[in-house]
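Breakdown of the fold
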Amino acid sequence: MRNFEYLAPTQVKAAAQALSEHEGVTAVLAGGTDLLSLMKQRVANPQRVVGLRGIRELHGIAKQGGGMRIGAMATIQDLLDSKAAGAYTALMQAAKGITSPQIRAMGTVVGDLLQRPRCWYYRNGHGLLAMHEGKSMVPNGENRYHAILGNKGPAYFVSASSFAPALIALGAQVTVADAEGERQMPVKDLFRIPGAEGERENTLKPNEIVIEILVPSVSGWKTATYEVRQRRLLDWPLATASVACRMSGNNVRDARVVMGHVAPIPWRSSEAETALKSKGLSDGNAEAAGKAAVAAATPLSGNKAKVQLAGVAVKRAVMLAGGRSVV
Amino acid sequence: MATKYDWPAVEDRSLIGKRHDRVDGPEKARGDAKYSYDRNLSGMLFARLVTSPVPHGRIIGIDTSRAEKVKGYKGHVNILNPGDEIQWAGKEVLAIAADTEEHARDAAHAVAVNIEKLDHWVKEEDVKKAGEANRVKPAKDDAKGPDLAAAWEGAEVTHEGYYGLGVITHCCLEPHGQVVDWTGDDIKVYASTQAVARIPADLAKGLSRDESIGRVEAGQVEVITPYMGGGFGSKFNIDTWGIACAQLSKKTGKPVKLMLDRNEEVTVAGSRPSDYGNVKVGAKKDGTIVAYESETWSTGGIAGRGSPPLPYIFDNDEKLAQKIRHLNVSTNIGPARAWRAPNHPQAAVLTMCPLEDLAAKLDMDPVEFFKKNADLTARPEVYRYEIDKCAEMIDWKNKWRKRGDSGSGPVKRGLGMSLHTWGGRPHDSTCEVRIEPDGGVSVSMASQDLGVGTYTTLSVVAAETLGLDIPDIRINIGNSKLPISGASGGSTTVGGTTASTRRATVNALEELKGVVAESLGVEAGDLMAKDHKIFAKSDSSKSLSWADACKKLGNRTITGQGKQPDRDGGKLNDSGVGGVQMADVSVDTETGIVTINKIAAVQDVGLVVCLKQSESQVYGALIQGVAWALYEESIYDQTSGKMLNADMEFYKLSGAGDIGELEVHMVQNKYDDRGVIGIGEPPAISPGAAISNAVANAIGVRVPTLPLTPDRILAALADA
Ligand SMILES: Cc1cc2nc3c(=O)[nH]c(=O)nc-3n(C[C@H](O)[C@H](O)[C@H](O)COP(=O)(O)OP(=O)(O)OC[C@H]3O[C@@H](n4cnc5c(N)ncnc54)[C@H](O)[C@@H]3O)c2cc1C
């Protein structure tokens, strides 16, 4: 890791003022489970690191209005321990998938949303788009974990956050602050597919800080997350799906279906949502939603299996939401 | 004929073969045990490697001018020089030292190595493509046994299939490396090594090539390794980084630490060769195997690698017609090193998997099939016994179903098995045992404990021989100045070190008995040491406590020497063991995810010295086996030539939650008269084949290559 200046402000405003408006010059530090490994690998080389730990208002998870507020410094363990979070099944199931006590204790929920892609070309210093002689190395390279949707190029990595699909399905918002003030946006709008090397996969400006996540009430909703995981030991899921269904009797009135690890952004599937609308959460409808979710998938040379895995994740998430057992 | 060095008869054993806690457990649990990685000497410098990002090329220039200006820089040495060729990404080019680890990293990053790129190749599974890249050479073409054509003619059922497993790495928990402290003429090396006694000569030779240093003698070098964190066959040599570390210590006059980081460890410090190939097997209708034919290929890096021992175990030259062809693929990846039971795990996959497929075709239960063919092995009686025992442990009778006959839900359950063998002959060993006037006993030799139980086995042997308890024995190992003992590789340590220890202890006791005999007025030959006493067998009232007996030495210390081998041997050890493993798995056929329910392992190693440590070796091998059966794989990218998963995030090992229930049975009191035989390698051989066979049994189709990842399982199901 390169030498850097470390600041530990106690106010959001001071933290935002300490950030550069230019990409890569400064970095925000939450739990550091991602940032520090990027810095050690010299993939991220900020000259100044601004730690958020000292800002009291960023800590904690609490009920707020009818919903819940997750402060930017609230950890995954805080979430698992929180009474306020208990009703958000989709979120809790995602949290339980991160099995490492160390990551749970240090990693924050907001940091999870903003973690950089785990693409091994990126982590090996080849850039987010893995360009080599004007071409991405991914489509014909080692792409078993890469995107099957939203992969028309030049980006092929996948969004790695388990919480993002859940929070998008739950209709959550984030509050973002810079030195001038605050703005709110849906979690979904945090993400974008970069179009050129040097562009990020999130829409935050380099001098903005996420200060909280606001999750609305889920009363009347059935929610669930299913992650396809190869190991129980801390591992990345191969595909995930979070669903939230607002029920009207036994039928789905509104559905949100969001997949993780399938595209450079958390991938909302309107096809799967349509497949569920006005129907019950039966196994057959779950299966149909799973099929619809990946109907448009365009796998690369080595990740065909992911199409099936993502479809199964959606199917099983729907089954879980319907209170059924999955296997 | 019995000699005085024989192992005690079973009824006379109070410690051998029993269950003991490992003596170094508490230090390790408390964190008091100092591994090489833990050594931090006063004034010590930190060194880092500069490695090649290029998989194949020629060094044009090395510019250290910027690095030398980095804060804290203390010196550097070249490992390679302009003009030298690089054959794999991650190859060590230079080592650089600084006052802190951070500065050393900064300095390493400031070195500019200019490399002319040459064509590289890192893939071998597609052997046709590798051939087009001019990377393939024939390595073996061999026929044995009865006439092959006639055997195929006579075969009533045949099976042909493609099988394989990729390159994996050792991924030692403690990476390779050392701290070197060179003061005056003395070179102390705290090395993470499997070969304490061998490193001095290795290092001295390497250093003597450096003209600025001049001649270095092995006798100047002291290697200190009381504890080490795993080698699996990859830590026999001082390596370039060890020599560079010593050169830096000489140059700077300071102790220098150079331990590889995870990326380096996984990329260059050892890999296990792959193996892929087409195998054809044939049998009579009654299940008798008559022919085995294979065409395989593999890579072990740029030098390639020879053929695995095929067919494995079922290799009777008189009864089985065999034809083996092997091709060697040369790739620009980190070079192969011995990996726990070199070549056997691959051979097991390439034999046991086609044979289980053949059994399925024959509509035979694999247990019956393998038992029937045990006559084709070197030790039929052992395998038959072990197969039955293992089947009982895994409840084969009740749980096994015919292939594909595993219910209607998405999760299928299956059972599979594999057999293995290993040599494990003892290495050479010299031991010195001292009995002090204060009653203290020490056992000394330049051996090492890789975490496997050497401290404990030597304590057990000495204590058993002297009629003492385990804590009464002080073990001095992990130092090259002690009497020479072999490197720990190939399961040779326990046989070698227990034999030299037994002999040395018997000899020392004999001398003590002489002193006691005189003072008790009995014949030395009538004396026996047991329960902290030395007493006359003919009259147990003639007795001295151990402490009083030793007091009779006055101020003299007894030293007993023992050697392995020794012409006056007795049957203290042997080689050649058999083992059987069976796996019970569940496969989610919608996701391709395999869950291990249980693995049962039966292992013969002659005389078991420490039951718990032997079992632990098997547990470790099974856990490691689950990893390479299901998860573990070095993934190389052809464009960049790099190993993409040189970390522990995507280089996946198994965790406690992934291994299911493990049950181990050590065969005891059956082959004890063979003496002690090594245990390190044998149990590491079968897990991949047994798990692959269980998966095939569960889902009804063979997943040809390991690791059995979800994508491979789904592809096999889709093809079926
Ligand atoms: C081996 C491993 C396995 C893992 N498995 C999983 C998994 O299965 N599923 C999963 O979802 N996650 C997984 N994780 C990821 C883990 O959950 C994240 O690393 C963690 O949540 C990040 O939180 P942090 O507080 O440590 O973030 P940091 O490392 O501190 O920050 C991460 C990024 O977000 C930025 N950032 C953080 N907070 C803010 C803020 N408030 N405002 C603006 N920018 C900010 C940082 O600048 C940085 O770029 C895994 C991680 C590891 C190392």
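All figures in this text were calculated on a predicted structure; none of them were measured in a lab.

Check the secondary structure of chain A and you find 11 helices and 14 strands. For a compact globule of 327 residues, the expected C-alpha radius of gyration is about 20 Å, and chain A comes in at 19 Å, within 12% of that figure. Taken along the three principal axes of its C-alpha coordinates, chain A extends 55 × 50 × 35 Å. Each of the 327 residues in chain A was classed as buried or not, and the buried ones make up 59%. Excluding contacts between residues fewer than 6 apart, the proportion of contacts in chain A whose partners are at least 24 apart in sequence is 64%. In chain A, which carries 39 positive and 26 negative side-chain charges, the distance between the mean positions of the two groups comes to 7 Å.

It is worth spelling out the site of the ligand at this point. All names here are of chain A. With respect to spatial proximity, 33 residues lie near the ligand, and among them Val-28, Gly-31, Gly-32, Thr-33 and Asp-112 are the closest. Within the side chain of Thr-108, a nitrogen or oxygen atom sits 2.7 Å from an oxygen atom of the ligand. Separating an oxygen atom of the ligand from a side-chain N or O atom of Asp-112 is a distance of 2.6 Å. In the complex, 94% of the free accessible area of the ligand, which totals 970 Å², lies under the protein chains. Listed by contribution, the elements that provide at least two residues to the shell around the ligand are strand S2 (26–29), helix H5 (101–106), helix H6 (109–114) and strand S10 (209–215). Top contributing element to the shell around the ligand by residue count: H6, with four residues. Counted by class, the shell around the ligand contains 19 nonpolar, nine polar and five charged residues. Domain assignment of the residues forming the shell around the ligand places at least three in each of domain 1 (58–115 + 159–215) and domain 2 (221–321).

A word on the environment of Ser-485 of chain B. All names here are of chain B. With respect to the helices and strands, the residue Ser-485 is situated in the loop between strand S21 (473–476) and helix H14 (493–520). For Ser-485, a relative accessible area of 4% gives the class buried. Separated by 56 residues in sequence, Ser-485 and Ser-429 have C-alpha atoms that sit 4.0 Å apart. Each residue touching Ser-485, except ones within four places of it in the same chain, is listed here: Ala-197, His-427, Asp-428, Ser-429, Thr-430, Met-445, Ala-446, Ser-447 and Thr-497. Separated by 2.9 Å, the side chains of Ser-485 and Ser-429 make a polar contact.

Applying the stated criterion across every chain yields a total of 59 salt bridges over all chains. Arg-200 of chain A serves as the salt-bridge partner of Glu-23 of chain A, at 2.7 Å between the closest nitrogen and oxygen. One end of the pair, Glu-23 of chain A, is in the loop between helix H1 (12–17) and S2; the other, Arg-200 of chain A, is in the loop between strand S9 (182–186) and S10, with 177 residues separating them in the sequence. Judged by its relative accessible area of 23%, Arg-200 of chain A is partly exposed. Among the ionic pairs, Arg-556 of chain B bridges to Glu-511 of chain B, the shortest N-O distance being 2.8 Å. Placement of Arg-556 of chain B in the loop between helix H15 (546–551) and strand S25 (558–564) and of Glu-511 of chain B in helix H14 is noted, with a sequence separation of 45 residues between them.

For the rest of this paragraph, the subject is the domain arrangement of chain A. Accessible area lost during the coming together of the parts is what is often quoted as the interface size. Residue and element names in this part refer to chain A. When the domains of chain A are assigned, the result is domain 1 (58–115 + 159–215) and domain 2 (221–321). For domain 1 and domain 2, the distance between their C-alpha centres works out to 20 Å. Between domain 1 and domain 2, the residue contacts involve 25 residues of the former and 25 residues of the latter. Summed over both sides, the interface between domain 1 and domain 2 buries roughly 1900 Å², with carbon and sulfur atoms accounting for 63% of that surface. Contact with domain 2 buries surface across domain 1, with Ser-159, Pro-165 and Ala-169 losing the most and accounting together for 28% of the total.

At the interface, 29 residues of chain A touch 37 residues of chain B. Applying the counting criterion to the chain A and chain B interface returns eight salt bridges. With a shortest N-O distance of 2.9 Å, Arg-118 of chain A and Glu-649 of chain B are connected by a salt bridge. Taken together, the links from chain A to chain B amount to 19 residue pairs in polar contact (both at pLDDT 80 or more). When residues of the side of chain A that touches chain B are traced back to their parent elements, those giving at least two are helix H7 (120–126) and helix H11 (304–321) of chain A. Here the element with the most residues in the side of chain A that touches chain B is H11 of chain A; it accounts for six residues. Grouping the constituent residues of the side of chain A that touches chain B by class yields 13 nonpolar, six polar and 10 charged.

Residues and elements named next belong to chain B. On domain assignment, one finds that chain B holds domain 1 (10–33 + 426–564), domain 2 (36–118 + 176–259) and domain 3 (341–424 + 574–719). The C-alpha centroid of domain 3 is placed 38 Å from the C-alpha centroid of domain 1. Listed per partner, the contact involves 23 residues of domain 1 and 23 residues of domain 3. If you sort the residues of domain 1 by the area they bury against domain 3, Gly-17, Arg-19 and Ser-491 come out on top, with a joint share of 31%. There are three salt bridges connecting domain 1 and domain 3. Here Asp-21 ties to Lys-612 by a salt bridge, and the two come within 2.5 Å at their closest N and O atoms. Mapped onto the side of domain 1 that touches domain 3, the elements with two or more residues apiece are helix H13 (454–466) and H14.

A word on the side chain of Lys-315 of chain A. By the secondary structure assignment, Lys-315 of chain A is in helix H11. Taking relative accessible area as the criterion, Lys-315 of chain A reaches 9% and is therefore assigned buried. Discounting chain neighbours no more than four positions away, the residues touching Lys-315 of chain A are Ala-286, Glu-287 and Gly-290 of chain A together with Glu-590 of chain B.

Residues and elements named next belong to chain B. Within strand S27 (residues 593–604), 10 of the 12 residues are buried, which leaves it mostly tucked inside the rest of the structure. By the bridge criterion, 10 bridges tie strand S26 (residues 577–588) to S27 in an arrangement that is antiparallel. The partner of Gly-579 across the bridge, within S27, is Gln-603. As consecutive antiparallel partners, S26 and S27 are separated by four residues, and within that stretch Gly-592 has a phi angle of approximately 75°, a positive value. As paired strands, S27 and strand S28 (residues 661–667) are joined by seven bridges and run parallel to one another. Residue pairing in the sheet places Val-602 in a bridge with His-665 of S28. Chirality of the crossover, the property in question, places the unit of S27, helix H16 (residues 611–630) and S28 among those that are right-handed.

The next point concerns the confidence of the model for chain B. On average, residues of chain B carry a pLDDT of 97, and 99% of them reach 70 or more. Both scores are given for the predicted complex: the pTM is 0.98, the ipTM 0.97.

Residue and element names in this part refer to chain A. Strands sit in the order S1-S3-S2 across an open sheet of three strands; the sheet is parallel. Across the chains shown, the open sheet's two edge strands, defined by having one partner strand only, are strand S1 (5–7) and S2. When strand polarity is set aside, the average angle formed by the axes of neighbouring strands in this sheet is 20°. Two elements, S1 and strand S3 (residues 48–51), share three bridges in a ladder whose sense is parallel. Looking at S3, one finds that Glu-5 is bridged to Arg-48.

On to H14 of chain B, then. Look at H14 of chain B: 39 Å from first C-alpha to last across 28 residues, which is about the 40 Å you get at 1.5 Å a residue. Counting buried residues in H14 of chain B gives 22 out of 28 residues, a clear majority hidden from the surface.

Right, let's get into unusual backbone geometry. Going from Gly-153 of chain A to Pro-154 of chain A, the amide bond is cis rather than trans, its omega being 5°. For Pro-154 of chain A, the location among the structural elements is in the loop between strand S7 (135–136) and helix H8 (163–169). The step from Gln-564 of chain B to Pro-565 of chain B runs through a cis peptide bond, and the omega angle for that step is 0°. Here Pro-565 of chain B shows up in the loop between S25 and S26. Unusually for a residue other than glycine, Ser-278 of chain A sits at a positive phi of about 65°.

With that out of the way, let us pick up the environment of Ile-238 of chain B. Residues and elements named next belong to chain B. Position of Ile-238 among the secondary structure elements: in the loop between strand S12 (221–223) and helix H7 (239–252). Take Ile-238: its relative accessible area is 4%, and that puts it in the buried class. When neighbours within four sequence positions are excluded, Ile-238 is seen to be in contact with Gln-178, Val-189, Ile-199, Asp-202, Leu-203 and Ile-243.

What counts and what doesn't
- Residues numbered from 1 in each chain as written.
- Chains lettered and ligands numbered in written order.
- Predicted model: local features only at pLDDT ≥ 70, side-chain atom pairs only at ≥ 80, totals over all residues.
- Heavy atoms only, no water.
- Helix = DSSP H or I, 4+ residues; strand = E, 2+ residues; numbered from the N terminus.
- Rg over C-alpha atoms; globule rule 2.2 N^0.38 Å.
- Buried < 20%, exposed > 50% of the residue type's maximum accessible area, 1.4 Å probe, protein only.
- Contact = heavy atoms within 4.5 Å.
- Lys, Arg positive; Asp, Glu negative; His and termini not counted.
- Charge placed at Lys NZ, Arg CZ, Asp CG, Glu CD.
- Near = heavy atom within 4 Å.
- Polar contact = N/O pair within 3.5 Å; in protein donor to acceptor, adjacent residues only side chain to side chain.
- Areas by Shrake-Rupley, 256 points an atom, 1.4 Å probe, with all protein chains shown as cover.
- Nonpolar A, V, L, I, M, F, W, Y, C, P; charged D, E, K, R; others polar.
- Domains from an automatic or database assignment.
- Salt bridge = Lys/Arg side-chain N within 4 Å of Asp/Glu carboxyl O.
- Buried area = accessible area lost by both parts, 1.4 Å probe.
- Pairing = 2+ DSSP bridges.
- Right-handed = clockwise from strand over helix to strand, strands pointing away.
- pLDDT = per-residue confidence, 0-100.
- Axes fitted to C-alpha atoms, helices over the stretch in contact; angles between N-to-C directions.
- Expected span 1.5 Å × (residues − 1).

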